[in-house]
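Geometric and topological summary
Now for the letters of each chain:
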4 protein chains.
Amino acid sequence: MSNFELRPCSDVGREYVELAERHALEIATCAEEHDREGTFPVEAFDAMRASGLVTAAVPQEFGGLGVTSIHDLMVGVNRLGRADGSVAIALNMHFAVSAIVWRMYRGARERGDEGTSAGLGEFLGALGSGAIAMANATESGTDVRFPMTEVTQVDGGWRVDGRKIFGTLSPVADVMVVTCRHRRDDGSYAGGTAIVFRGTPGQTILDNWDALGMRGSGSHDVVYENCVIPEAMFFEESDWGELDEGLLVIGTAGNLGLLGSFVGIAEAARAHVAELLRKRTKQPTGRPLAERHGIQHAMAELDIDLHTCRAHLSWMGTQIDRLLVDRPVTSVSIGELHELMAAFQASKLVVQRGAIDAVDKALQLSGGAGYLTPSPLSRWYRDVRAGPFMQPLSANDAHEYIGKVGLGQVPSVEE
Amino acid sequence: MSNFELRPCSDVGREYVELAERHALEIATCAEEHDREGTFPVEAFDAMRASGLVTAAVPQEFGGLGVTSIHDLMVGVNRLGRADGSVAIALNMHFAVSAIVWRMYRGARERGDEGTSAGLGEFLGALGSGAIAMANATESGTDVRFPMTEVTQVDGGWRVDGRKIFGTLSPVADVMVVTCRHRRDDGSYAGGTAIVFRGTPGQTILDNWDALGMRGSGSHDVVYENCVIPEAMFFEESDWGELDEGLLVIGTAGNLGLLGSFVGIAEAARAHVAELLRKRTKQPTGRPLAERHGIQHAMAELDIDLHTCRAHLSWMGTQIDRLLVDRPVTSVSIGELHELMAAFQASKLVVQRGAIDAVDKALQLSGGAGYLTPSPLSRWYRDVRAGPFMQPLSANDAHEYIGKVGLGQVPSVEE
Amino acid sequence: MSNFELRPCSDVGREYVELAERHALEIATCAEEHDREGTFPVEAFDAMRASGLVTAAVPQEFGGLGVTSIHDLMVGVNRLGRADGSVAIALNMHFAVSAIVWRMYRGARERGDEGTSAGLGEFLGALGSGAIAMANATESGTDVRFPMTEVTQVDGGWRVDGRKIFGTLSPVADVMVVTCRHRRDDGSYAGGTAIVFRGTPGQTILDNWDALGMRGSGSHDVVYENCVIPEAMFFEESDWGELDEGLLVIGTAGNLGLLGSFVGIAEAARAHVAELLRKRTKQPTGRPLAERHGIQHAMAELDIDLHTCRAHLSWMGTQIDRLLVDRPVTSVSIGELHELMAAFQASKLVVQRGAIDAVDKALQLSGGAGYLTPSPLSRWYRDVRAGPFMQPLSANDAHEYIGKVGLGQVPSVEE
Amino acid sequence: MSNFELRPCSDVGREYVELAERHALEIATCAEEHDREGTFPVEAFDAMRASGLVTAAVPQEFGGLGVTSIHDLMVGVNRLGRADGSVAIALNMHFAVSAIVWRMYRGARERGDEGTSAGLGEFLGALGSGAIAMANATESGTDVRFPMTEVTQVDGGWRVDGRKIFGTLSPVADVMVVTCRHRRDDGSYAGGTAIVFRGTPGQTILDNWDALGMRGSGSHDVVYENCVIPEAMFFEESDWGELDEGLLVIGTAGNLGLLGSFVGIAEAARAHVAELLRKRTKQPTGRPLAERHGIQHAMAELDIDLHTCRAHLSWMGTQIDRLLVDRPVTSVSIGELHELMAAFQASKLVVQRGAIDAVDKALQLSGGAGYLTPSPLSRWYRDVRAGPFMQPLSANDAHEYIGKVGLGQVPSVEE
């Protein structure tokens, strides 16, 4: 990889990225099989649990590796993306929850809210011990702002009912962070989060993930039917449908690693095809393909795409760290979060399209060889297309939001 | 489909397109299965033989439907592309051979070459009776200008040795038109064409097509090993490697239908997602997705892509007919052919990219639903990407050629 | 120019285009001066009046050249665009009025409305004698659907009050077709058209056009203040703000020639730079620039843009003729007009962007020489950018409209 | 400007950027006049000399402000670009020379070459006292690698003969750094640099800059005819035509500020049009334009362009500082310089196109108002187009170079 690959900024980040690179070597060898069979790479998560990699985003005081920089976390995920995009986005799901829980913990501490900080501290302790957490947010027929999964108060706690889709990481997650709504006495809805431990009666994790790409990500449906959780495990957060602090932090700090994953896929495709072009010759001259002008021009276009992706990730990672990591949680205004979110959505559009275009160009450069099933290029072409589906926000809504923020209008998306 | 879909210009073209549309209804029902299993739609070709559709490009005097307009042939293939891209490109392969043989026949007649015209007339008669022909041109490690398949004179004819890849239509083709080279006495090579009937000893049609998309196209390898053909079945044409009349006609008239196929795929994706957007509603408002601004904007981008594709196909079809159908064969200069080829390559780049982008936009509009295996969008996304691999010319070489022609340089592509 | 330039379809169209080409030779020699001085090419319009070119769009029965094909009219304007974009868009303004008046006449005849058809016949007679007409539609702070210019009934006729901007052709127009509104008794507004002859008291044509480009188009402000016209010269048409038949016909048939103008500019830039690249050599090799790979690649991109522009114009011209010229006026439904308008807006976006990109690429290929004031490239760069401002619709609104039509929603644009 | 504008990294950089911002306020008020008249803003340079801003790139030990970070220098130039692009690129010319002289000085010190370091130290002292330097490199009919300006040994020094174009900053430069060639005894040419003080007999600075944009940059021709300079003022550097260390440092560290200038222009256009959209209302609703969906969508596209520009500048500035500022000069290999140059060329293509597109989008958003001469948008549209002409490398050659470096071929550009 070139001198311009993404690099961690902190010392602890560097150790973590090296560890991720070691795992990547092993993970790469199984990617094709998991793709073909549509199986989840359980062995990869076992290994990452064993090495402690899964605890990367947890502060050292809670037993984790202590990589608090969102930028640096993204770099490690980028390395895994080169090996297997499915593993990378699944691990990022867990890192996102870890980072956000830690941020909530910091906020509670700043506000002197000891009850909440104690509870979140326990959660962090579990994550530091290797527990794996996932967000369980997407539903059919609505967007993440408006979960239809409903929480109802019952004796001894709360009952959760609903159906989630795209449940990445569900085959090994120990804890599900379930977005839901709760009908208030006045008939309005509150939005909130339910913490559901794997195996709670009433929770069914299906085995039905079957998609064009990211076939090893275990993104099954998860059904909640009369699933009762303890009183303390539901957190009411805001009005239902609001683009609130929680969603804005998830949509930026939580999603940066996703972008890193897709760029990793594109980098793998680039390395693969560059090798091929240097080695393959063409008749009647027998010259390597790499010497041809048309090839060089197309490779330049590919590299321009990749440089643009990396520039955005590096820049956006710095902006996120500056606002969400370096500053006290309670010092950040909602307006600043919207500005960050708007800039992030711009980076997201550019990076996901850039990664797709880079893989497309690698296919073109392969001259047809990459279109055959045995070529990893055909897998990367399918995997990398998952990017634009990642919410929040939908690619269909991003321009509206960016434009409103940029013009000083109320930041929102049409319902 | 809108009022702006591609439409045939001639009366016979209209009948043919209606026939193609009737076949398309049946073919569409089997596309998913052939894609999943990687099987060739033999039944579709049986039906098209039975109805006479396969004879469309053969003049009526030889028993065909007599659609001599390349533009109109493309429109019918476009309709099949909406049903199954694999069937469309396979049928186009046959139409391309048919149209070119007819053009060669016309040329021989104009030159008063009765021997050649008689032989080609026989070929046309066979095609008019329902025989299916394919070009067998692509090889690994070289481009179509420089076939490495070698023809050597032997007792009673010629021996063919070589290996072809991407042999679309091979499961049902009765005749293979094999590009090859022949070593002259002075050590130089001539380029030429060998006609090999299916089942000739020494020809082996493998069953090894396994690709990202176009999985029903039967594009197997075909191996020629000591495969002896009669004296009259080899035609020496020009210096090996020359971008000669034959390649320029194949690269324009022969390939227009391919572009029609890919636009058909994109039109199918457009129709599918438009239907979905009109029907699917979204919480909490329950409004159809089609009412949302972001959706409308993305749909506009998709339609702009499709209109551009259709404008190019319509315009290019007219240009091809004007030069290659309406004019005497021998009145057309090689310079005019290069001008046409350069314009065609421009259309090819725009149309194939436009079709890919339209399917991509349809996926985006589907909001994730299209990424799941059961959705035909996931198949169209894989199928449509085959477009840029179609030669001549490689997408890596097209700009060089267009630029040279545009600047009055010797029209060529780096070897 | 290449074999693929736009060509007229009808015999009368061919004569007209040849006439336009003869005028273009003369017009080209004055373009630079009019640009520098910001003066209107009165001499060009005198010459085109003398030769009868200005009557091209008027049927022969009314004394005109009888080019009824909108496609063919566009081709002639395209040729003038190569010489001077300002002349081309100014003449198109007049052709647009001529063609629309003829269509209105046909409609009146079909409906048996003899009063209207007689009046319009008189108008056509004047146009056939060389009178020059312009639409006077654009105003500041509103779009063309909602003219604020107001018509009020007075003794002996109507009083017109308002201010128009972008009044292209105003220095020589004999008749202004002024869009306006009229307050009905119930307080609602009707939209309509007032015909104002040059020199009517209360009309002031300013001399204030001073813009980045199209500096010779005479697009002055025209002020109407207590300007009284005869009873018969105001036509109430529909509800104010409606995207009605009139606007849809203007927005398609009336605007196609504008697109042709901008493509003409791009073609001139292409021809200029291709000549330069073939002649200019570069040290230390002394080879012509045209032999360099990077140059050839960029020229290919330019030609791809131009081919796309021409394909759209050719295709869209055919569609317009089919619906608006070949069919009886009263047989065309409003739904068909919206479908045509949506497709036209797609072509408009692509063609205007394509023309701009082609000129931009020509500048790049010139290597800095084109950036200097004496180079016509610097003028074409300024002129060609006028394209996206042409209404209806604004480039800011086009996607919304195309998307709505494409999804079967009520065709409209946000107010 | 948003929270995401470019920001300096160092303390001294922050002071410098604040100083630049103060100058920008004054400079902005004269930009229109200098553009209209084509005059050089001498008063701006007088003021920047007086404040010490012109010494920014000179280390404090030599009397300068000591902004050694290339990234930070670029940020200040970016601020001036918002006020007047001509001033920004002219000042960057001087900063580029200052930074490169300092780097050469460091290199000489590292190598223990006291003679050279003493001479360069004197040069730095002059720059620290406010002397203004310019590179005088571009010639017609050749690229910057192959200067045709010739240096010949004469009694008491060297004679310089040649003609330079695009001599930005020439109205006020005290020293010209003239690229040239020198014929060796064996008939081959060496490339080198001649230092010519303003007013040396035989040097004529013309007053002939007249271009589409950047009209205040004073980019006159400079003619050298029998212009004799002292022995010590010519530095032979390498083989003529080589893409050597000097050109690679100029092409990266020297040109980053140019990119900052063009982004500054785009930012000014963005701020101008955003203000307009928030204030201007539209009939019949009277709502501000900023509330319209189409406007918001286009503004999002503009902001995405700008974010991409800033991400590239921030990322590339960091890479340049890391390699060219933080590391010992003699520790950097030519291979590393080529890798940096290739990445820089990618950033250059993206940033210049992004800036042009952003201004184009601002014009579109203005709805025609921006096309009028009094609007600064019409000036920015002309100024921003100068970007792609900046060498090295020509936009026509960049892909070839990037592709070769990316594929491990010999890094070069076709002669």
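Description of the structure in this document.

How each quantity is defined
- Residue positions are given per chain, counting from 1 as you read along its sequence in written order.
- Chains and ligands are labelled by the order in which they are written, letters from A for the one and numbers from 1 for the other.
- In view of the model being predicted, local features appear only for residues whose pLDDT reaches at least 70, and side-chain atom pairs are presented and counted only at 80 or more, with totals across whole chains, interfaces and linings using the full set of residues.
- Just so you know, side-chain values use all the structure's heavy atoms and leave hydrogens and water out.
- Only DSSP runs of H or I covering at least 4 residues are called helices, and only runs of E covering at least 2 are called strands; the numbering of each starts at the N terminus.
- What the globule rule says is 2.2 Å times the number of residues to the power 0.38, and the radius of gyration is computed from C-alpha atoms.
- Each residue's exposure class comes from its accessible area (1.4 Å probe, protein chains only) as a fraction of the maximum for that residue type: buried when under 20%, exposed when over 50%, partly exposed otherwise.
- Contacts between residues were defined by any pair of non-hydrogen atoms, one from each residue, lying within 4.5 Å.
- Least squares is used to superpose the copies, and the fit set is the C-alpha atoms of residues whose pLDDT is at least 70 in both copies.
- Here's the idea: put two parts together, see how much 1.4 Å probe accessible area each one loses, and the total over both is what we call buried area.
- Counted as salt bridges are all cases of a side-chain nitrogen of Lys or Arg within 4 Å of a carboxyl oxygen of Asp or Glu.
- N or O atoms within 3.5 Å of each other form a polar contact, as long as, within protein, one can give a hydrogen and the other can take it, and as long as residues adjacent in sequence are counted only when both atoms are side-chain atoms.
- The residue classification treats Ala, Val, Leu, Ile, Met, Phe, Trp, Tyr, Cys and Pro as nonpolar and Asp, Glu, Lys and Arg as charged. All others, Gly included, are polar.

**Here's the deal with the overall build of chain A**
Counting its regular elements, chain A contains 12 helices and 10 strands. Relative to the globule expectation of 22 Å for 415 residues, the C-alpha radius of gyration of chain A, 22 Å, shows essentially globular dimensions. With the principal axes as the frame, chain A shows a C-alpha extent of 80 × 45 × 40 Å. Within chain A, the fraction of its 415 residues that count as buried is 65%. Considering only residue pairs separated by 6 or more positions, chain A has 75% of its internal contacts joining residues 24 or more positions apart.

**Quick look at the relation of the copies chain A and chain D**
Note on the copies: chain A fits chain D at an RMSD of 0.0 Å, the axial shift is 0.0 Å, and the rotation between them is 180 degrees. The superposition of one copy onto the other is thereby described by a two-fold rotation axis. Relative to the rotation axis, the C-alpha of A:Ala311 is the closest in chain A, positioned 2.7 Å from it. When you check the interface residues of chain A against chain D, 100% turn up at the interface there too, and the contact is symmetric in its surfaces.

**Focus: unusual backbone geometry**
Glycine aside, residues mostly have negative phi, and peptide bonds are mostly found in the trans state. The omega angle of the peptide bond from B:Gln283 to B:Pro284 is 5 degrees, so this bond is cis rather than trans. Looking at the secondary structure, you find B:Pro284 in the loop between strand S9 (281–282) and strand S10 (287–288). Despite not being glycine, C:Met214 shows a phi value in the positive range, around 50 degrees. With respect to the helices, strands and loops of the structure, C:Met214 is situated in the loop between strand S6 (203–205) and strand S7 (220–230).

**Some points on the interface of chain A and chain D**
Contacts between the two partners involve 42 residues from chain A, matched on the other side by 43 residues from chain D. Here chain A meets chain D over a buried area of about 3700 Å², counting both sides, of which 67% is carbon and sulfur. By the criterion of area lost to chain D, the three top residues of chain A are A:Phe4, A:Trp315 and A:Leu407, representing 20% of everything that side buries. Taken together, the links from chain A to chain D amount to 0 salt bridges.

**What to know about the interface of chain A and chain B**
Residue-level contacts link 53 residues of chain A with 53 residues of chain B. For the pair chain A and chain B, the summed buried area comes to about 4600 Å², and 53% of that belongs to carbon and sulfur atoms. Salt-bridge contacts for A:Arg385 lead to B:Asp360; the nearest nitrogen and oxygen are separated by 2.7 Å. At the boundary of chain A and chain B, one finds 31 residue pairs in polar contact (both at pLDDT 80 or more). For the side of chain A that touches chain B, the secondary structure elements donating two or more residues are strand S9 (281–282), helix H9 (293–325), helix H10 (334–366) and helix H11 (376–384) of chain A. The element contributing the most residues to the side of chain A that touches chain B is H10(A), with 6 residues. Split into classes, the residues belonging to the side of chain A that touches chain B amount to 21 nonpolar, 16 polar and 16 charged.

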